[in-house]
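# Descriptive analysis of the structure
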Amino acid sequence: CPQQYKIFEQRPNRLTNFCQLWLPGHIHSDEFRLTPSQVPLMLASSLSPIYGSNPSFRRVKYHGLTGEIFDYDAYYLDYNNSQTWKQALSFREAFSLPDMTYDSLHHIVDDFQRLWKTFLLRQHAYNIELVPEACEQQCLIDWKCTLQSISRK
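Residues numbered from 1 in each chain as written. Predicted model: local features only at pLDDT ≥ 70, side-chain atom pairs only at ≥ 80, totals over all residues. Heavy atoms only, no water.

### A look at the overall build of the protein chain
Across its full length, the protein chain carries four helices and five strands. Its helices and strands taken in sequence order, the protein chain reads β-β-β-β-β-α-α-α-α from the N to the C terminus. Here the protein chain holds 153 residues, and the buried ones make up 44% of them. Sequence-distant contacts in the protein chain: of pairs separated by 6 or more residues, those separated by 24 or more amount to 46%. Put simply, the protein chain shows about 8800 Å² of open surface, and 52% of that area lies on carbon and sulfur atoms. (Helix = DSSP H or I, 4+ residues; strand = E, 2+ residues; numbered from the N terminus. Buried < 20%, exposed > 50% of the residue type's maximum accessible area, 1.4 Å probe, protein only. Contact = heavy atoms within 4.5 Å. Areas by Shrake-Rupley, 256 points an atom, 1.4 Å probe, with all protein chains shown as cover.)

In C-alpha coordinates form, the structure reads like this:
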(Lines give C-alpha, C1' and ligand atoms only; values in the text may rest on other atoms or scores of the structure.)
Protein backbone atom coordinates (compact mmCIF):
# COMPACT_ATOMS: atom_id res chain seq x y z
CA CYS A 1 0.00 0.00 0.00
CA PRO A 2 1.50 3.38 -0.96
CA GLN A 3 2.74 5.47 2.00
CA GLN A 4 0.19 8.27 1.42
CA TYR A 5 -2.65 5.82 2.11
CA LYS A 6 -1.33 4.58 5.48
CA ILE A 7 -3.55 6.96 7.47
CA PHE A 8 -6.64 5.43 5.83
CA GLU A 9 -5.71 1.97 7.12
CA GLN A 10 -6.26 3.09 10.71
CA ARG A 11 -9.61 2.97 12.44
CA PRO A 12 -11.32 6.36 12.97
CA ASN A 13 -8.53 8.76 13.79
CA ARG A 14 -7.56 12.43 13.64
CA LEU A 15 -8.40 12.43 9.94
CA THR A 16 -12.09 11.74 10.59
CA ASN A 17 -12.36 14.90 12.71
CA PHE A 18 -12.04 17.16 9.67
CA CYS A 19 -12.18 15.01 6.53
CA GLN A 20 -15.46 13.47 5.42
CA LEU A 21 -14.51 12.41 1.89
CA TRP A 22 -11.22 12.34 0.01
CA LEU A 23 -10.88 12.91 -3.75
CA PRO A 24 -7.47 11.54 -4.76
CA GLY A 25 -6.14 11.33 -8.33
CA HIS A 26 -7.35 8.95 -10.96
CA ILE A 27 -7.24 5.24 -11.71
CA HIS A 28 -8.97 5.19 -15.13
CA SER A 29 -12.21 4.09 -13.50
CA ASP A 30 -14.93 5.74 -11.45
CA GLU A 31 -14.79 4.00 -8.07
CA PHE A 32 -14.84 4.50 -4.35
CA ARG A 33 -13.15 2.77 -1.43
CA LEU A 34 -14.44 2.26 2.08
CA THR A 35 -11.45 2.53 4.39
CA PRO A 36 -10.94 1.44 8.01
CA SER A 37 -10.59 5.14 8.90
CA GLN A 38 -14.22 5.61 7.74
CA VAL A 39 -13.13 8.37 5.36
CA PRO A 40 -14.21 7.14 1.94
CA LEU A 41 -11.98 7.61 -1.08
CA MET A 42 -13.77 8.69 -4.27
CA LEU A 43 -11.35 7.66 -7.03
CA ALA A 44 -11.80 9.55 -10.26
CA SER A 45 -11.59 8.35 -13.80
CA SER A 46 -9.26 9.98 -16.30
CA LEU A 47 -9.30 12.23 -19.35
CA SER A 48 -6.72 9.95 -20.94
CA PRO A 49 -8.10 7.09 -23.07
CA ILE A 50 -5.21 4.75 -22.28
CA TYR A 51 -5.82 1.44 -20.48
CA GLY A 52 -9.13 0.99 -22.29
CA SER A 53 -10.88 3.87 -20.58
CA ASN A 54 -13.23 6.43 -22.04
CA PRO A 55 -12.18 10.03 -21.30
CA SER A 56 -14.24 11.37 -18.41
CA PHE A 57 -14.40 14.00 -15.70
CA ARG A 58 -16.54 14.95 -12.70
CA ARG A 59 -18.39 18.05 -11.64
CA VAL A 60 -18.49 17.91 -7.87
CA LYS A 61 -21.45 19.43 -6.02
CA TYR A 62 -20.70 20.79 -2.58
CA HIS A 63 -22.19 23.07 0.07
CA GLY A 64 -20.68 26.54 -0.30
CA LEU A 65 -20.43 27.27 3.44
CA THR A 66 -19.42 23.90 4.88
CA GLY A 67 -17.54 22.41 1.93
CA GLU A 68 -19.51 19.18 2.35
CA ILE A 69 -19.62 17.21 -0.90
CA PHE A 70 -23.16 16.05 -1.52
CA ASP A 71 -23.01 14.58 -5.04
CA TYR A 72 -21.19 14.62 -8.35
CA ASP A 73 -22.05 14.44 -12.02
CA ALA A 74 -19.82 12.43 -14.31
CA TYR A 75 -19.30 13.18 -17.98
CA TYR A 76 -17.72 10.73 -20.39
CA LEU A 77 -16.88 10.45 -24.06
CA ASP A 78 -17.72 7.13 -25.72
CA TYR A 79 -14.33 7.01 -27.39
CA ASN A 80 -15.21 4.37 -30.00
CA ASN A 81 -18.68 5.55 -30.99
CA SER A 82 -19.11 9.27 -30.46
CA GLN A 83 -17.48 12.65 -30.31
CA THR A 84 -20.15 13.93 -27.94
CA TRP A 85 -19.76 14.12 -24.17
CA LYS A 86 -22.51 12.28 -22.29
CA GLN A 87 -23.66 12.84 -18.74
CA ALA A 88 -24.16 9.81 -16.54
CA LEU A 89 -26.70 9.87 -13.73
CA SER A 90 -25.33 11.65 -10.70
CA PHE A 91 -23.73 9.30 -8.18
CA ARG A 92 -26.56 9.74 -5.67
CA GLU A 93 -29.25 9.27 -8.33
CA ALA A 94 -27.64 6.12 -9.71
CA PHE A 95 -27.50 4.42 -6.32
CA SER A 96 -30.51 6.14 -4.66
CA LEU A 97 -28.42 7.59 -1.83
CA PRO A 98 -29.45 10.38 0.53
CA ASP A 99 -25.86 11.74 0.75
CA MET A 100 -22.21 10.87 0.19
CA THR A 101 -21.35 9.83 3.75
CA TYR A 102 -19.43 6.70 4.69
CA ASP A 103 -22.67 5.05 5.84
CA SER A 104 -24.41 5.74 2.52
CA LEU A 105 -21.49 4.39 0.52
CA HIS A 106 -21.39 1.36 2.80
CA HIS A 107 -25.03 0.76 1.83
CA ILE A 108 -23.88 0.15 -1.76
CA VAL A 109 -21.51 -2.59 -0.58
CA ASP A 110 -24.10 -4.09 1.79
CA ASP A 111 -26.69 -4.21 -1.01
CA PHE A 112 -24.21 -4.97 -3.77
CA GLN A 113 -26.08 -7.97 -5.15
CA ARG A 114 -29.09 -5.77 -5.95
CA LEU A 115 -27.03 -2.75 -7.07
CA TRP A 116 -24.58 -4.81 -9.12
CA LYS A 117 -26.08 -4.00 -12.53
CA THR A 118 -26.14 -0.26 -11.76
CA PHE A 119 -22.50 -0.44 -10.68
CA LEU A 120 -21.46 -2.34 -13.83
CA LEU A 121 -23.32 0.00 -16.16
CA ARG A 122 -21.50 2.96 -14.60
CA GLN A 123 -18.18 1.13 -15.00
CA HIS A 124 -19.00 0.33 -18.62
CA ALA A 125 -19.46 4.04 -19.39
CA TYR A 126 -15.85 4.62 -18.33
CA ASN A 127 -14.23 1.48 -19.68
CA ILE A 128 -14.28 0.64 -23.39
CA GLU A 129 -13.29 -2.99 -22.84
CA LEU A 130 -15.67 -3.90 -20.02
CA VAL A 131 -18.57 -6.07 -21.15
CA PRO A 132 -21.11 -5.97 -18.27
CA GLU A 133 -22.79 -9.23 -19.28
CA ALA A 134 -19.46 -11.09 -19.07
CA CYS A 135 -18.94 -10.32 -15.38
CA GLU A 136 -20.39 -13.15 -13.29
CA GLN A 137 -20.48 -14.11 -9.58
CA GLN A 138 -16.70 -14.16 -9.04
CA CYS A 139 -16.43 -10.74 -10.65
CA LEU A 140 -19.11 -9.43 -8.26
CA ILE A 141 -17.22 -10.84 -5.27
CA ASP A 142 -13.93 -9.34 -6.50
CA TRP A 143 -15.49 -5.88 -6.92
CA LYS A 144 -17.17 -6.04 -3.51
CA CYS A 145 -13.79 -6.81 -1.93
CA THR A 146 -12.08 -4.07 -3.95
CA LEU A 147 -14.54 -1.42 -2.74
CA GLN A 148 -13.63 -2.30 0.84
CA SER A 149 -9.86 -2.10 0.35
CA ILE A 150 -7.54 0.84 -0.15
CA SER A 151 -5.96 -0.52 -3.31
CA ARG A 152 -6.68 -3.33 -5.75
CA LYS A 153 -3.45 -5.13 -4.91
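### Description of the confidence of the model for the protein chain
Taken residue by residue, the protein chain gives an average pLDDT of 78. The fraction at 70 or more is 78%. The secondary structure element of the protein chain with the lowest average pLDDT is helix α3 (residues 112–126), at 79, and the one with the highest is helix α2 (residues 102–110), at 91. (pLDDT = per-residue confidence, 0-100.)

### A word on empty space enclosed by the protein
Scanning the entire structure with this criterion turns up one cavity of 30 Å³ or more. Quantified by volume, the largest cavity comes out at close to 50 Å³. Forming the walls of the largest cavity are D30, E31, F32, Y72, F91, F95, F119, R122 and Q123. Examining the composition of the lining of the largest cavity, we find that three residues originate from one element, α3, more than from any other. Across the lining of the largest cavity, the residue classes break down as five nonpolar, one polar and three charged. (1 Å grid on protein atoms, 1.4 Å probe; cavity = no way out; pocket = protein on both sides within 12 Å on 5 of 7 lines; lining within 4 Å. Points joined across faces, edges and corners; volume = space filled by probe spheres on them. Nonpolar A, V, L, I, M, F, W, Y, C, P; charged D, E, K, R; others polar.)

### A look at unusual backbone geometry
Although it is not a glycine, S96 adopts a positive phi angle of roughly 55 degrees. Along the polypeptide, S96 turns up in the loop between α1 (91–95) and α2.

### Focus: the side chain of D73
By the secondary structure assignment, D73 is in strand β4 (residues 69–77). A polar atom in the side chain of D73 sits 2.4 Å from the side chain of R59. Side-chain polar atoms of D73 contact the side chain of K61, separated by 3.3 Å. Those residues in contact with D73 that sit more than four places away from it in its chain are F57, R58, R59, K61, Q87 and S90. (Polar contact = N/O pair within 3.5 Å; in protein donor to acceptor, adjacent residues only side chain to side chain.)

### Looking at a nonpolar patch on the surface
A contiguous nonpolar patch, built from L23, V60 and Y62 and spanning about 270 Å² of accessible area, is present on the exposed surface. Within the element layout of this structure, V60 appears in strand β3 (residues 56–62). On the accessibility criterion, V60 (31% relative accessible area) is partly exposed. (Patch = residues over 30% accessible without salt bridge, like charges linked within 9 Å, V, L, I, M, F, W, Y side chains within 5 Å. Salt bridge = Lys/Arg side-chain N within 4 Å of Asp/Glu carboxyl O.)

### Things to note about the pattern of salt bridges
Going through the model one piece at a time under the given rule, you end up with four salt bridges. A salt bridge links D73 to R59; the nearest nitrogen and oxygen atoms lie 2.4 Å apart. In this pair, D73 is assigned in strand β4 and R59 in strand β3, connecting sequence segments 14 residues apart. Its relative accessible area of 2% is what places D73 among the buried residues. Between D73 and K61 there is a salt bridge, and its shortest N-O distance comes to 3.3 Å. You can see D73 sitting in strand β4 and its partner K61 sitting in strand β3, a full twelve residues away along the chain. Connected through shared salt-bridge partners, R59, K61 and D73 make up one network.

### Focus: the environment of Q148
Along the chain, Q148 falls in the segment after α4 (137–147). Along the sequence, Q148 and F32 sit 116 residues apart, while their C-alpha atoms lie 8.6 Å from each other. Excluding anything up to four places from it in sequence, Q148 contacts L34 and V109.

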